[in-house]
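Chain by chain, the residues:
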Amino acid sequence: MQKTLGGFIVLILAMVLIPLQNSYGIEFERAKVQVNDIVLDVEYALTFEQRATGLMYRQSLCTNCGMLFKYSRPRIAGMWMKNTNIPLDVAFIDEHGKIIDIKAMQPHDLTSISSSKEVLYALEMNQGWFKSNGVEVGQIMRFSLPQ
């Protein structure tokens, strides 16, 4: 009975921790993002693996937390919410820092949400963050990125 119970506990822990490892096992650097008078310290997804994982499996995101994605070149960028539990807004940003689009994304929605023009960056924040902070399409964002 003790062996069976121990094995059951290990199985349950594995089921809980494996998805977390997939999300949190990837290291993200930090980047500074400035828009208006707001300076954010966000996670920075530069590699393909980091961009593919993004904010998956997170249960929450602090008020001013987010993730900045940088693509290898300007492109029509698309995102989906596979394994993402938090409602998010994404700002698609061109190579000059201009916000091209701000779009809402719902948890677990597999619909691709795309930029309307080529962009180099995308910034994911809690849903409603951009509106509540007066951040709008056409405004300029400035970045301080790790070397």
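Residues numbered from 1 in each chain as written. Predicted model: local features only at pLDDT ≥ 70, side-chain atom pairs only at ≥ 80, totals over all residues. Heavy atoms only, no water.

K.L.:
How should the pairing of strand β1 (residues 29-35) be read in this particular structure?
P.N.:
Along any regular strand, the residues point their side chains to alternate faces of the sheet. When β1 meets strand β2 (residues 38-45), the two strands line up antiparallel, connected through seven bridges. Residue pairing for β2: Val 33 is matched across the bridge by Leu 40. Connecting β1 to the antiparallel partner β2 that follows it, the hairpin turn spans two residues, and Asn 36 within it adopts a positive phi of roughly 55°. Pairing of β1 with strand β9 (residues 142-144), which is carried by three bridges, proceeds in the antiparallel orientation. Bridge pairing in β9 links Lys 32 to Ser 144. (Pairing = 2+ DSSP bridges. Helix = DSSP H or I, 4+ residues; strand = E, 2+ residues; numbered from the N terminus.)

K.L.:
Sorry, what's going on with the nonpolar core here?
P.N.:
Considering soluble globular proteins, one finds that nonpolar side chains tend to be buried as a cluster. Among the nonpolar cores identified, the biggest contains 20 residues, and Phe 69, Met 79, Leu 88, Phe 92, Met 105 and Ala 122 are the most heavily contacted of them. Breaking this core down by element, the ones donating at least two residues are β3 (66-75), β5 (88-93), β6 (99-105) and β8 (119-126). Judged by nonpolar contacts, the second largest core, of 18 residues, contains Val 33, Ala 91, Ile 93 and Ile 99. (Core = buried A, V, L, I, M, F, W, Y, C linked by side-chain atoms within 4.5 Å. Buried < 20%, exposed > 50% of the residue type's maximum accessible area, 1.4 Å probe, protein only.)

K.L.:
Please clarify how the state of the cysteines should be interpreted in this entry.
P.N.:
Working definition of a disulfide: a covalent bond connecting the sulfur atoms of two cysteines. Going through the model one piece at a time under the given rule, you end up with one disulfide. With its sulfur 1.7 Å from that of its partner, Cys 62 forms a disulfide with Cys 65. Its S-S torsion of approximately 80° makes the covalent link between Cys 62 and Cys 65 right-handed. (Disulfide = S-S within 2.5 Å.)

K.L.:
Would you explain the side chain of Arg 51 in this entry?
P.N.:
As for its position among the elements, Arg 51 is in helix α2 (residues 48-53). For the buried Arg 51, no salt bridge is present, and the opposite-charge side chain at shortest range is Glu 49, 11 Å distant. Apart from the residues within four sequence positions on either side, Arg 51 is in contact with Ala 45, Leu 46, Phe 69, Lys 70 and Tyr 71. (Lys, Arg positive; Asp, Glu negative; His and termini not counted. Salt bridge = Lys/Arg side-chain N within 4 Å of Asp/Glu carboxyl O. Contact = heavy atoms within 4.5 Å.)

K.L.:
When you look at the packing of aromatic side chains in this model, what are you seeing that I'm missing?
P.N.:
We describe a pair of aromatic rings using the distance from one ring centre to the other and the angle between the two ring planes. Summed over all chains, the structure comprises two aromatic pairs. Ring plane angle 35° and centroid distance 4.3 Å describe the contact between Tyr 121 and Phe 143, whose orientation is recorded as tilted. Of this pair, Tyr 121 sits in strand β8 while Phe 143 sits in strand β9; the two residues are 22 residues apart in sequence, bridging distant segments of the chain. For Tyr 121, a relative accessible area of 8% puts it in the buried group. With a relative accessible area of 22%, Phe 143 lands in the partly exposed category. Centroid distance Trp 129 to Phe 130: 5.3 Å. Interplanar angle 90°. Geometry classified as edge-to-face. The exposure class assigned to Trp 129 is buried, which follows from its relative accessible area of 3%. (Phe/Tyr/Trp six-rings, centres within 6.5 Å; stacked < 30°, edge-to-face > 60°.)

Don't take any of this as a statement about function, it's just geometry.
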